[in-house]
Amino acid sequence: MRSIRVGRRVIQQTVAHLGELDEDGRLEARALAQHLIGAPEEAQLFDDGSRDVTVPVRLKGIRVERSRQFGDVYLALALWRGMGLEDLCERLLPPGRERIPWSKMAAVLVAARFCEPSSELHIAEDWYRRTALCDLLQLGDEEVNKDRLYRGLDHLLAHKASLEAHLSQRCGELFAIQNEVLLYDVTSTYFEGLAEGNPQAKRGYSRDHRSDCKQVCIALVVTFDGFPLGYEVFAGNTHDSKTLQTIVATMEARHGVVGRVWITDRGMASARNLAWLRETGRRYIIGAPKSELKKFSAELVRADGWRTVQEGVEVKLARHSETDETVILCRSADRRSKERAMHDKFSGRIEAALQRLAKRKPTRRRSAAIRAIIALTASRCASASS
(Lines give C-alpha, C1' and ligand atoms only; values in the text may rest on other atoms or scores of the structure.)
Protein backbone atom coordinates (compact mmCIF):
# COMPACT_ATOMS: atom_id res chain seq x y z
CA MET A 1 0.00 0.00 0.00
CA ARG A 2 1.00 3.62 -0.40
CA SER A 3 -0.51 6.88 0.88
CA ILE A 4 -1.63 9.50 -1.64
CA ARG A 5 -3.42 12.87 -1.22
CA VAL A 6 -6.72 13.37 -3.00
CA GLY A 7 -7.86 16.96 -2.43
CA ARG A 8 -7.85 17.41 1.32
CA ARG A 9 -7.92 13.72 2.07
CA VAL A 10 -5.10 11.16 2.35
CA ILE A 11 -6.11 7.71 1.18
CA GLN A 12 -4.36 4.32 0.94
CA GLN A 13 -3.82 2.98 -2.56
CA THR A 14 -2.95 -0.62 -3.41
CA VAL A 15 0.33 -0.84 -5.33
CA ALA A 16 0.47 -4.60 -5.81
CA HIS A 17 -0.90 -7.77 -4.31
CA LEU A 18 1.94 -10.01 -3.15
CA GLY A 19 -0.11 -13.05 -2.26
CA GLU A 20 1.31 -15.57 0.21
CA LEU A 21 4.92 -15.00 1.21
CA ASP A 22 6.04 -18.50 0.39
CA GLU A 23 9.23 -19.16 -1.60
CA ASP A 24 7.72 -17.91 -4.86
CA GLY A 25 6.13 -14.96 -3.12
CA ARG A 26 9.39 -13.89 -1.51
CA LEU A 27 11.15 -13.98 -4.88
CA GLU A 28 8.43 -11.83 -6.48
CA ALA A 29 8.44 -9.43 -3.52
CA ARG A 30 12.22 -9.05 -3.70
CA ALA A 31 12.10 -8.37 -7.43
CA LEU A 32 9.30 -5.82 -6.98
CA ALA A 33 11.11 -4.05 -4.15
CA GLN A 34 14.31 -3.79 -6.19
CA HIS A 35 12.29 -2.45 -9.10
CA LEU A 36 10.60 0.19 -6.94
CA ILE A 37 13.78 1.44 -5.25
CA GLY A 38 15.87 1.18 -8.44
CA ALA A 39 18.46 -1.23 -6.98
CA PRO A 40 20.21 -3.45 -9.56
CA GLU A 41 19.72 -7.17 -9.17
CA GLU A 42 23.01 -9.08 -8.82
CA ALA A 43 23.04 -12.14 -11.04
CA GLN A 44 24.32 -15.44 -9.67
CA LEU A 45 27.22 -17.16 -11.43
CA PHE A 46 25.55 -20.56 -11.26
CA ASP A 47 21.95 -21.68 -10.76
CA ASP A 48 21.19 -21.93 -7.06
CA GLY A 49 17.99 -23.88 -7.60
CA SER A 50 15.65 -20.88 -7.39
CA ARG A 51 13.12 -20.16 -10.12
CA ASP A 52 13.73 -17.42 -12.64
CA VAL A 53 12.09 -14.07 -12.01
CA THR A 54 10.72 -12.12 -14.95
CA VAL A 55 11.07 -8.34 -14.82
CA PRO A 56 10.14 -5.79 -17.48
CA VAL A 57 13.00 -4.13 -19.39
CA ARG A 58 13.30 -1.48 -22.08
CA LEU A 59 14.73 -3.25 -25.15
CA LYS A 60 15.86 0.03 -26.70
CA GLY A 61 18.04 0.66 -23.68
CA ILE A 62 19.86 -2.69 -23.86
CA ARG A 63 23.17 -3.12 -25.65
CA VAL A 64 25.95 -5.68 -25.54
CA GLU A 65 29.39 -4.41 -24.56
CA ARG A 66 32.69 -6.27 -24.26
CA SER A 67 31.27 -9.78 -24.60
CA ARG A 68 33.72 -12.53 -23.64
CA GLN A 69 33.87 -16.31 -23.98
CA PHE A 70 33.69 -17.75 -20.49
CA GLY A 71 32.70 -21.42 -20.28
CA ASP A 72 35.55 -23.06 -22.18
CA VAL A 73 38.36 -21.04 -20.57
CA TYR A 74 36.81 -21.53 -17.12
CA LEU A 75 36.87 -25.29 -17.66
CA ALA A 76 40.42 -25.11 -19.03
CA LEU A 77 41.63 -23.32 -15.89
CA ALA A 78 39.77 -25.81 -13.70
CA LEU A 79 41.60 -28.67 -15.44
CA TRP A 80 44.89 -26.76 -15.26
CA ARG A 81 44.54 -26.43 -11.51
CA GLY A 82 43.03 -29.86 -10.99
CA MET A 83 46.04 -31.46 -12.68
CA GLY A 84 48.30 -29.61 -10.27
CA LEU A 85 50.00 -27.72 -13.11
CA GLU A 86 49.47 -24.32 -11.54
CA ASP A 87 51.38 -25.28 -8.38
CA LEU A 88 54.03 -27.11 -10.39
CA CYS A 89 54.69 -24.16 -12.70
CA GLU A 90 54.88 -21.78 -9.75
CA ARG A 91 57.60 -24.02 -8.28
CA LEU A 92 59.46 -24.53 -11.55
CA LEU A 93 59.09 -20.89 -12.67
CA PRO A 94 59.45 -18.80 -9.50
CA PRO A 95 58.88 -15.03 -9.76
CA GLY A 96 61.92 -13.07 -10.87
CA ARG A 97 62.47 -9.70 -12.44
CA GLU A 98 59.72 -10.17 -15.01
CA ARG A 99 56.57 -8.07 -14.67
CA ILE A 100 54.21 -10.94 -15.55
CA PRO A 101 54.83 -14.33 -13.88
CA TRP A 102 55.78 -17.02 -16.38
CA SER A 103 53.39 -19.41 -14.65
CA LYS A 104 50.49 -17.19 -15.79
CA MET A 105 51.76 -17.17 -19.35
CA ALA A 106 51.94 -20.97 -19.18
CA ALA A 107 48.28 -21.02 -18.13
CA VAL A 108 47.36 -18.85 -21.12
CA LEU A 109 49.25 -21.13 -23.51
CA VAL A 110 47.64 -24.30 -22.15
CA ALA A 111 44.13 -22.79 -22.13
CA ALA A 112 44.55 -21.65 -25.72
CA ARG A 113 45.76 -25.09 -26.81
CA PHE A 114 42.77 -26.64 -25.04
CA CYS A 115 40.11 -24.26 -26.37
CA GLU A 116 41.30 -23.06 -29.79
CA PRO A 117 44.66 -24.45 -31.00
CA SER A 118 46.41 -21.76 -33.03
CA SER A 119 49.63 -19.79 -33.35
CA GLU A 120 50.98 -17.57 -30.60
CA LEU A 121 50.35 -14.55 -32.83
CA HIS A 122 46.66 -15.47 -33.13
CA ILE A 123 46.42 -16.03 -29.37
CA ALA A 124 47.84 -12.59 -28.60
CA GLU A 125 46.05 -10.54 -31.24
CA ASP A 126 42.65 -12.23 -31.42
CA TRP A 127 41.77 -15.19 -29.22
CA TYR A 128 42.81 -13.85 -25.81
CA ARG A 129 40.85 -10.65 -26.32
CA ARG A 130 37.67 -12.67 -26.95
CA THR A 131 37.89 -14.66 -23.71
CA ALA A 132 37.34 -13.97 -20.03
CA LEU A 133 40.89 -15.00 -19.10
CA CYS A 134 41.80 -11.37 -18.46
CA ASP A 135 39.33 -11.40 -15.54
CA LEU A 136 40.00 -14.97 -14.40
CA LEU A 137 43.78 -14.51 -14.39
CA GLN A 138 43.80 -10.77 -13.67
CA LEU A 139 45.92 -10.30 -16.78
CA GLY A 140 45.07 -7.43 -19.11
CA ASP A 141 44.82 -7.75 -22.88
CA GLU A 142 47.82 -5.52 -23.45
CA GLU A 143 49.98 -7.74 -21.22
CA VAL A 144 49.63 -10.78 -23.50
CA ASN A 145 51.70 -10.44 -26.67
CA LYS A 146 53.43 -12.87 -29.00
CA ASP A 147 56.93 -12.15 -27.72
CA ARG A 148 55.94 -12.90 -24.14
CA LEU A 149 54.18 -16.10 -25.24
CA TYR A 150 57.24 -17.28 -27.19
CA ARG A 151 59.50 -16.59 -24.22
CA GLY A 152 57.06 -18.51 -22.03
CA LEU A 153 57.49 -21.53 -24.29
CA ASP A 154 61.27 -21.26 -23.94
CA HIS A 155 60.96 -21.27 -20.14
CA LEU A 156 58.65 -24.29 -20.21
CA LEU A 157 60.96 -26.23 -22.54
CA ALA A 158 63.71 -26.16 -19.91
CA HIS A 159 61.43 -28.18 -17.60
CA LYS A 160 60.03 -30.62 -20.19
CA ALA A 161 61.13 -33.75 -18.31
CA SER A 162 59.56 -32.58 -15.02
CA LEU A 163 56.31 -31.63 -16.75
CA GLU A 164 56.03 -34.98 -18.54
CA ALA A 165 56.75 -36.96 -15.37
CA HIS A 166 54.18 -34.93 -13.41
CA LEU A 167 51.48 -35.37 -16.08
CA SER A 168 52.10 -39.09 -16.30
CA GLN A 169 51.78 -39.53 -12.54
CA ARG A 170 48.78 -37.22 -12.14
CA CYS A 171 46.81 -38.69 -15.06
CA GLY A 172 47.50 -42.17 -13.71
CA GLU A 173 46.01 -41.10 -10.37
CA LEU A 174 42.97 -39.35 -11.83
CA PHE A 175 42.07 -41.52 -14.81
CA ALA A 176 43.83 -44.85 -14.08
CA ILE A 177 45.78 -44.61 -17.34
CA GLN A 178 47.88 -47.69 -18.01
CA ASN A 179 51.26 -47.03 -19.61
CA GLU A 180 52.67 -50.55 -19.78
CA VAL A 181 51.97 -50.77 -23.53
CA LEU A 182 53.60 -47.89 -25.40
CA LEU A 183 53.19 -46.98 -29.07
CA TYR A 184 56.07 -45.16 -30.69
CA ASP A 185 56.37 -43.39 -34.04
CA VAL A 186 58.30 -40.59 -35.72
CA THR A 187 56.98 -37.69 -37.76
CA SER A 188 58.55 -34.51 -39.10
CA THR A 189 57.80 -30.83 -39.53
CA TYR A 190 59.52 -28.51 -41.98
CA PHE A 191 60.57 -24.85 -41.88
CA GLU A 192 59.95 -22.14 -44.42
CA GLY A 193 63.28 -20.36 -44.76
CA LEU A 194 66.89 -21.23 -43.95
CA ALA A 195 66.36 -21.98 -40.23
CA GLU A 196 69.97 -21.03 -39.55
CA GLY A 197 69.29 -20.55 -35.86
CA ASN A 198 68.26 -24.19 -35.35
CA PRO A 199 71.17 -26.68 -35.46
CA GLN A 200 68.72 -29.62 -35.73
CA ALA A 201 67.13 -28.27 -38.91
CA LYS A 202 68.44 -30.53 -41.67
CA ARG A 203 67.25 -31.82 -45.01
CA GLY A 204 66.12 -35.43 -44.96
CA TYR A 205 63.26 -37.74 -45.89
CA SER A 206 60.22 -35.44 -46.00
CA ARG A 207 56.83 -36.91 -45.13
CA ASP A 208 55.33 -33.61 -46.32
CA HIS A 209 56.96 -33.96 -49.77
CA ARG A 210 59.00 -30.82 -49.14
CA SER A 211 62.53 -32.02 -49.73
CA ASP A 212 63.49 -28.43 -50.55
CA CYS A 213 62.94 -27.38 -46.92
CA LYS A 214 64.87 -28.11 -43.76
CA GLN A 215 63.04 -30.08 -41.10
CA VAL A 216 63.24 -31.71 -37.67
CA CYS A 217 62.04 -35.18 -36.69
CA ILE A 218 59.66 -35.54 -33.74
CA ALA A 219 59.52 -38.87 -31.92
CA LEU A 220 56.26 -39.31 -29.98
CA VAL A 221 55.38 -41.96 -27.39
CA VAL A 222 51.72 -42.56 -26.48
CA THR A 223 49.94 -45.06 -24.28
CA PHE A 224 47.64 -47.75 -25.66
CA ASP A 225 44.70 -45.37 -25.03
CA GLY A 226 46.38 -42.59 -27.03
CA PHE A 227 47.58 -40.47 -24.09
CA PRO A 228 50.88 -38.69 -24.99
CA LEU A 229 53.61 -39.80 -22.60
CA GLY A 230 56.58 -37.90 -24.00
CA TYR A 231 58.41 -36.71 -27.08
CA GLU A 232 61.92 -35.92 -28.27
CA VAL A 233 63.19 -33.84 -31.19
CA PHE A 234 65.93 -35.14 -33.50
CA ALA A 235 67.82 -33.64 -36.41
CA GLY A 236 65.90 -33.62 -39.67
CA ASN A 237 68.26 -36.08 -41.38
CA THR A 238 67.94 -38.75 -38.65
CA HIS A 239 66.70 -42.13 -39.82
CA ASP A 240 63.73 -43.48 -37.84
CA SER A 241 65.62 -46.59 -36.73
CA LYS A 242 68.37 -44.51 -35.11
CA THR A 243 65.91 -42.92 -32.67
CA LEU A 244 64.58 -46.09 -31.06
CA GLN A 245 67.32 -46.81 -28.53
CA THR A 246 67.42 -43.18 -27.38
CA ILE A 247 63.64 -43.01 -26.95
CA VAL A 248 63.37 -46.34 -25.10
CA ALA A 249 66.16 -45.45 -22.69
CA THR A 250 64.77 -41.95 -22.09
CA MET A 251 61.19 -43.05 -21.45
CA GLU A 252 62.23 -45.91 -19.16
CA ALA A 253 64.46 -43.60 -17.14
CA ARG A 254 61.54 -41.21 -16.75
CA HIS A 255 58.64 -43.63 -16.21
CA GLY A 256 60.20 -46.93 -15.15
CA VAL A 257 61.16 -50.19 -16.85
CA VAL A 258 58.90 -52.85 -15.36
CA GLY A 259 56.20 -54.24 -17.64
CA ARG A 260 56.95 -52.14 -20.71
CA VAL A 261 55.86 -53.44 -24.12
CA TRP A 262 57.00 -51.34 -27.10
CA ILE A 263 54.95 -51.27 -30.32
CA THR A 264 56.29 -49.58 -33.44
CA ASP A 265 56.30 -49.91 -37.22
CA ARG A 266 58.76 -51.59 -39.57
CA GLY A 267 60.80 -48.40 -39.91
CA MET A 268 62.44 -49.25 -36.58
CA ALA A 269 63.09 -52.90 -37.43
CA SER A 270 66.82 -52.71 -38.14
CA ALA A 271 68.99 -55.72 -37.27
CA ARG A 272 70.88 -53.60 -34.74
CA ASN A 273 67.71 -52.52 -32.95
CA LEU A 274 66.25 -56.01 -32.81
CA ALA A 275 69.50 -57.42 -31.44
CA TRP A 276 69.64 -54.66 -28.81
CA LEU A 277 66.04 -55.28 -27.72
CA ARG A 278 66.65 -59.02 -27.43
CA GLU A 279 69.94 -58.67 -25.55
CA THR A 280 68.47 -56.23 -23.02
CA GLY A 281 65.41 -58.40 -22.40
CA ARG A 282 62.85 -55.85 -23.53
CA ARG A 283 59.45 -56.88 -24.85
CA TYR A 284 58.30 -55.48 -28.17
CA ILE A 285 56.04 -55.82 -31.19
CA ILE A 286 57.66 -54.43 -34.35
CA GLY A 287 56.42 -54.60 -37.91
CA ALA A 288 58.65 -56.85 -40.01
CA PRO A 289 59.88 -56.00 -43.54
CA LYS A 290 57.99 -57.61 -46.41
CA SER A 291 61.06 -59.68 -47.22
CA GLU A 292 60.54 -61.57 -43.94
CA LEU A 293 57.21 -62.95 -45.21
CA LYS A 294 59.06 -65.36 -47.50
CA LYS A 295 60.29 -67.25 -44.42
CA PHE A 296 56.68 -67.93 -43.39
CA SER A 297 55.12 -68.74 -46.75
CA ALA A 298 54.22 -72.26 -45.57
CA GLU A 299 52.44 -70.93 -42.47
CA LEU A 300 50.60 -68.32 -44.51
CA VAL A 301 49.06 -70.83 -46.90
CA ARG A 302 48.04 -73.31 -44.20
CA ALA A 303 44.36 -72.99 -43.31
CA ASP A 304 44.66 -74.04 -39.66
CA GLY A 305 45.68 -71.88 -36.71
CA TRP A 306 44.03 -68.63 -37.81
CA ARG A 307 41.94 -66.71 -35.30
CA THR A 308 39.60 -63.80 -36.05
CA VAL A 309 40.39 -60.81 -33.83
CA GLN A 310 37.94 -58.42 -35.50
CA GLU A 311 35.77 -58.43 -38.60
CA GLY A 312 37.95 -59.03 -41.64
CA VAL A 313 41.22 -59.44 -39.70
CA GLU A 314 42.79 -62.78 -38.78
CA VAL A 315 46.01 -63.54 -36.89
CA LYS A 316 48.18 -66.57 -36.41
CA LEU A 317 51.16 -67.19 -34.11
CA ALA A 318 54.35 -68.79 -35.45
CA ARG A 319 57.91 -69.31 -34.30
CA HIS A 320 60.92 -67.64 -35.95
CA SER A 321 63.38 -70.31 -37.02
CA GLU A 322 66.48 -68.16 -36.45
CA THR A 323 65.73 -66.12 -33.32
CA ASP A 324 63.05 -68.36 -31.75
CA GLU A 325 60.85 -65.29 -31.32
CA THR A 326 57.07 -65.34 -31.52
CA VAL A 327 55.86 -64.01 -34.87
CA ILE A 328 52.35 -62.64 -35.36
CA LEU A 329 51.09 -63.26 -38.88
CA CYS A 330 48.15 -61.09 -39.94
CA ARG A 331 45.88 -61.06 -42.94
CA SER A 332 43.17 -58.56 -43.73
CA ALA A 333 40.28 -58.90 -46.16
CA ASP A 334 40.18 -55.12 -46.72
CA ARG A 335 43.91 -55.04 -47.38
CA ARG A 336 43.60 -57.93 -49.82
CA SER A 337 40.84 -56.10 -51.70
CA LYS A 338 42.93 -52.92 -51.80
CA GLU A 339 45.98 -54.75 -53.14
CA ARG A 340 43.84 -56.48 -55.78
CA ALA A 341 42.32 -53.17 -56.88
CA MET A 342 45.78 -51.58 -57.12
CA HIS A 343 47.03 -54.56 -59.15
CA ASP A 344 44.05 -54.44 -61.51
CA LYS A 345 44.46 -50.69 -62.01
CA PHE A 346 48.17 -51.08 -62.75
CA SER A 347 47.52 -53.98 -65.15
CA GLY A 348 44.88 -51.95 -66.96
CA ARG A 349 47.34 -49.11 -67.51
CA ILE A 350 49.95 -51.50 -68.92
CA GLU A 351 47.45 -53.10 -71.30
CA ALA A 352 46.25 -49.71 -72.51
CA ALA A 353 49.85 -48.60 -73.10
CA LEU A 354 50.68 -51.78 -75.01
CA GLN A 355 47.61 -51.36 -77.21
CA ARG A 356 48.65 -47.81 -78.07
CA LEU A 357 52.17 -48.99 -78.90
CA ALA A 358 50.85 -51.81 -81.09
CA LYS A 359 49.19 -49.27 -83.36
CA ARG A 360 52.43 -47.35 -83.94
CA LYS A 361 55.09 -48.06 -86.51
CA PRO A 362 58.32 -49.75 -85.32
CA THR A 363 60.80 -47.04 -84.31
CA ARG A 364 63.70 -46.78 -81.94
CA ARG A 365 61.58 -44.71 -79.56
CA ARG A 366 58.82 -47.33 -79.65
CA SER A 367 61.29 -50.11 -78.80
CA ALA A 368 62.65 -48.17 -75.85
CA ALA A 369 59.12 -47.62 -74.55
CA ILE A 370 58.37 -51.35 -74.82
CA ARG A 371 61.51 -52.21 -72.83
CA ALA A 372 60.52 -49.70 -70.15
CA ILE A 373 57.06 -51.19 -69.83
CA ILE A 374 58.48 -54.71 -69.60
CA ALA A 375 60.89 -53.65 -66.87
CA LEU A 376 58.12 -51.86 -64.99
CA THR A 377 55.87 -54.91 -65.26
CA ALA A 378 58.60 -57.18 -63.94
CA SER A 379 59.27 -54.93 -60.95
CA ARG A 380 55.57 -54.72 -60.19
CA CYS A 381 55.17 -58.47 -60.28
CA ALA A 382 58.20 -58.92 -58.02
CA SER A 383 56.83 -56.49 -55.44
CA ALA A 384 53.39 -58.13 -55.56
CA SER A 385 54.87 -61.59 -54.99
CA SER A 386 56.84 -60.34 -51.96
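Residues numbered from 1 in each chain as written. Predicted model: local features only at pLDDT ≥ 70, side-chain atom pairs only at ≥ 80, totals over all residues. Heavy atoms only, no water.

Trainee: Go over the overall build of the protein, please, and point to the residues and values.
Mentor: The secondary structure content of the protein amounts to 13 helices and ten strands. Within the protein, the proportion of its 386 residues that are buried is 27%. Sequence-distant contacts, at least 24 apart, represent 53% of the contacts inside the protein between residues at least 6 apart. (Helix = DSSP H or I, 4+ residues; strand = E, 2+ residues; numbered from the N terminus. Buried < 20%, exposed > 50% of the residue type's maximum accessible area, 1.4 Å probe, protein only. Contact = heavy atoms within 4.5 Å.)

Trainee: Summarise the pattern of salt bridges; cite the residues concerned and give the values.
Mentor: Per the counting criterion, the structure on display carries 26 salt bridges. The salt bridge partner of Arg207 is Asp240, with a shortest N-O separation of 2.8 Å. Of this pair, Arg207 sits in the loop between strand S3 (181–190) and strand S4 (215–223) while Asp240 sits in the loop between strand S5 (228–235) and helix H9 (244–255); the two residues are 33 residues apart in sequence, bridging distant segments of the chain. When its relative accessible area of 16% is taken as the criterion, Asp240 is described as buried. Ionic pairing is found between Glu299 and Lys316, a salt bridge with its closest N-O pair at 3.2 Å. One end of the pair, Glu299, is in helix H11 (residues 297–301); the other, Lys316, is in strand S9 (residues 313–319), and 17 residues separate them in sequence. On the basis of relative accessibility, which here comes to 24%, the residue Glu299 falls in the partly exposed class. Classification of Lys316 as buried rests on a relative accessible area of 5%. One continuous salt-bridge network, built from bridges that share partners, spans Lys160, Glu164, Glu232 and Arg254. (Salt bridge = Lys/Arg side-chain N within 4 Å of Asp/Glu carboxyl O.)

Trainee: Describe in detail the side chain of Asn273, supporting the description with residues and values.
Mentor: Relative to the helices and strands, Asn273 resides in helix H10 (residues 271–279). In this structure Asn273 touches Ser241, Leu244, Gln245 and Met268, once residues within four positions along its chain are discounted.

Trainee: Can you explain the sheet that holds S3? Please cite residues and give values.
Mentor: Strand order across the open sheet formed by five strands is S5-S4-S3-S6-S7, with mixed pairing between neighbours. Two strands lie at the open edges of the sheet, namely S5 and strand S7 (283–286), each paired on one side alone. The sheet shows a mean angle of 25 degrees between the axes of neighbouring strands, taken without regard to direction. As judged from the four bridges shared by strand S6 (residues 261–264) and S7, these two strands associate in the parallel manner. If you follow Val261 over to S7, its bridge partner there is Arg283. (Pairing = 2+ DSSP bridges. Axes fitted to C-alpha atoms, helices over the stretch in contact; angles between N-to-C directions.)

Trainee: Give me the lowdown on the packing of aromatic side chains, citing residues and values where you can.
Mentor: This structure, assessed with the given rule, holds one aromatic pair. Positioned above the aromatic ring of Tyr231, the side-chain terminus of Lys160 is 4.5 Å from the ring centre. Across the ring face of Trp306, the terminal group of Arg331 is positioned such that the distance to the ring centre comes to 3.9 Å. (Phe/Tyr/Trp six-rings, centres within 6.5 Å; stacked < 30°, edge-to-face > 60°. Lys NZ or Arg CZ within 6 Å of the ring centre and 35° of its normal.)

Trainee: Run through a nonpolar patch on the surface, naming residues and quoting values.
Mentor: Residues Val55, Val57, Leu59 and Ile62 make up a contiguous nonpolar surface patch of about 400 Å² in total accessible area. Within the secondary structure, Val57 sits in the loop between helix H1 (23–37) and helix H2 (71–82). (Patch = residues over 30% accessible without salt bridge, like charges linked within 9 Å, V, L, I, M, F, W, Y side chains within 5 Å. Areas by Shrake-Rupley, 256 points an atom, 1.4 Å probe, with all protein chains shown as cover.)

Trainee: Which residues make up the sheet that holds strand S8 (residues 307–310), and what values go with them?
Mentor: Whenever strands of a sheet pair, they do so through backbone hydrogen bonds, lying parallel or antiparallel. The strand order across the open sheet formed by three strands is S8-S9-S10, and the pairing between neighbours is antiparallel. Every other strand in the sheet has two partners, leaving S8 and strand S10 (326–332) as the edge strands with one partner each. Strand after strand, the sheet turns through a mean of 40 degrees between neighbouring axes, direction not considered. Pairing of S9 with S10 involves seven bridges; the strand directions are antiparallel. Residue pairing across strands places Leu317 opposite Ile328, the latter belonging to S10.

Trainee: I'd like a description of unusual backbone geometry, backed by residues and values.
Mentor: Of note, the phi angle at Ala195 is positive, near 50 degrees, even though the residue is not glycine. Within the secondary structure, Ala195 sits in the loop between S3 and S4. In this structure Ala195 comes out as partly exposed when scored by relative accessible area, which is 22%. For His209, which is not a glycine, the phi torsion comes out positive at approximately 60 degrees. Looking at the secondary structure, you find His209 in the loop between S3 and S4.

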